[in-house]
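In case you want the letters, here they are:
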Amino acid sequence: MKRKKIVAGNWKMNMNLVESKNLISDLKEISAENVDVKIAPSFTNLYMANSSLESSKIEVVSQDIHHEQKGAYTGEISAEMLLSIGIETSIIGHSERRKYFNETDLILSKKVNSAVQNSMKIIFCIGEELSDRNNSNHFEIIKSQLTNGVFHLESKEFKSVVIAYEPVWAIGTGMTANSHQIQEMHEFIRNLIKSNYGVEISENVQILYGGSVKPTNAEEIFSLKDVDGGLIGGASLNSSDFSNIVKAANGG
Ligand code: PEP
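Note that the structure is a prediction, hence the values are computed from the model and not measured.

**Q** Just to check I follow, could you spell out the overall build of the chain for this structure?
**A** The secondary structure content of the chain amounts to twelve helices and eight strands. A globule of 252 residues ought to have a C-alpha radius of gyration of about 18 Å, and the chain, at 17 Å, matches this closely. Once the C-alpha set of the chain is aligned to its principal axes, its extents read approximately 45 × 45 × 35 Å. For the chain, the proportion of its 252 residues judged to be buried stands at 52%. Within the chain, contacts between residues at least 6 apart in sequence are counted, and of these 71% link residues at least 24 apart. For the chain, the accessible area works out to roughly 11800 Å², and carbon and sulfur atoms hold 48% of it. Within the chain, one finds 25 positive and 31 negative side-chain charges whose respective centroids are separated by 2 Å.

**Q** Help me out: how do you make sense of the site of the ligand in this one?
**A** Lining the immediate environment of the ligand, one finds 14 residues, of which Lys 12, His 94, Glu 166, Gly 172 and Ser 212 sit closest. Between the ligand and Gly 172, the relevant distance is 2.6 Å, taken from an oxygen atom to a main-chain nitrogen or oxygen of the residue. Take Gly 233: an N or O atom from its main chain is 2.8 Å from an oxygen atom of the ligand. Coverage of the ligand by the protein chains reaches 97% of its 290 Å² of free accessible surface.

**Q** Looking at this model, I keep getting lost on the pairing of strand E2 (residues 35-40). Mind explaining?
**A** On any regular strand, side chains alternate: one points to one face of the sheet, the next to the other face. Of all six residues in E2, five are buried, a share of seventy percent or more. Taken together, the six bridges between strand E1 (residues 5-10) and E2 define a ladder with parallel strand orientation. Paired with Asn 10 across the two strands is Ala 40, which belongs to E2. Crossover E1 to E2 through helix H1 (residues 17-27) is right-handed. Two strands pair when backbone bridges link them, and E2 and strand E3 (residues 59-60) are joined in this way by two bridges, in the parallel orientation. Paired with Ile 39 across the two strands is Val 60, which belongs to E3.

**Q** Even after reading the chapter, I still don't get the packing of aromatic side chains, so can you show me in this structure?
**A** Working definition: an aromatic ring pair is given by the centre-to-centre distance plus the angle between the planes. The tally for this structure, following the rule as stated, stands at five aromatic pairs. The interplanar angle of 55 degrees and the centroid separation of 6.2 Å between the aromatic rings of Phe 151 and Phe 158 together place this pair among those described as tilted. Joined through ring pairs, the aromatic side chains of Phe 151, Phe 158 and Tyr 197 make up one cluster. Residue placement shows Arg 97 over the ring face of Phe 101; its charged tip is 4.0 Å from the ring centre.

Cut-offs and rules
Residues numbered from 1 in each chain as written. Predicted model: local features only at pLDDT ≥ 70, side-chain atom pairs only at ≥ 80, totals over all residues. Heavy atoms only, no water. Helix = DSSP H or I, 4+ residues; strand = E, 2+ residues; numbered from the N terminus. Rg over C-alpha atoms; globule rule 2.2 N^0.38 Å. Buried < 20%, exposed > 50% of the residue type's maximum accessible area, 1.4 Å probe, protein only. Contact = heavy atoms within 4.5 Å. Areas by Shrake-Rupley, 256 points an atom, 1.4 Å probe, with all protein chains shown as cover. Lys, Arg positive; Asp, Glu negative; His and termini not counted. Charge placed at Lys NZ, Arg CZ, Asp CG, Glu CD. Near = heavy atom within 4 Å. Polar contact = N/O pair within 3.5 Å; in protein donor to acceptor, adjacent residues only side chain to side chain. Pairing = 2+ DSSP bridges. Right-handed = clockwise from strand over helix to strand, strands pointing away. Phe/Tyr/Trp six-rings, centres within 6.5 Å; stacked < 30°, edge-to-face > 60°. Lys NZ or Arg CZ within 6 Å of the ring centre and 35° of its normal.

Okay, structure coming up:
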């Protein structure tokens, strides 16, 4: 099974309007036949980014959504609002949302439901803390995050989900998981998906790795059997690093 690679840049709370315009104009140069390239700017820059990249193949996605369609949720953004400006994919469950904004599995499953009900695609993030790994709980944690977050979906709904495995201890730390740890976990995730949804869906689902991916380690990580690309934080803010990571996903 040949799955298409994805390289998605999560800009987090970085880049004001001018900086975003500059970065986007550099990214327009990126071309990669075999890779779906995505960027996730902040909410304030989504409309501009999507308009600027209209004629490019780069997809603009959001970093989060709220689980309700509309209402008294000050400061929040719904799936319906995103769709109205042409954003069709959202990251859900990033470890920073789980950690700093207390997003529980229950909240995340509601966000997933909202995305699915609105026909949005999802990049669903999962990952263990270092203490979980040191206590050999990492497989259990990943299993429960998937079970509680997305495994309630029906098969046809699950097809709109991409999984991003991001060990929390590797995010923004420069401490990348090693190839063995990455492949082992990705295979575990694919097998869980197989048990829940069968062979075909498990062979088609794209599982991204995230956690200090850089141009220097991208090729090795992307060459692993069950790795279908990456979710990139820090390195996505630099056009040359990001385009070199895309090149690595495209086959060097
Ligand atoms: C992320 O936040 O999703 C991430 C992978 O960050 P970084 O690449 O900076 O580790």
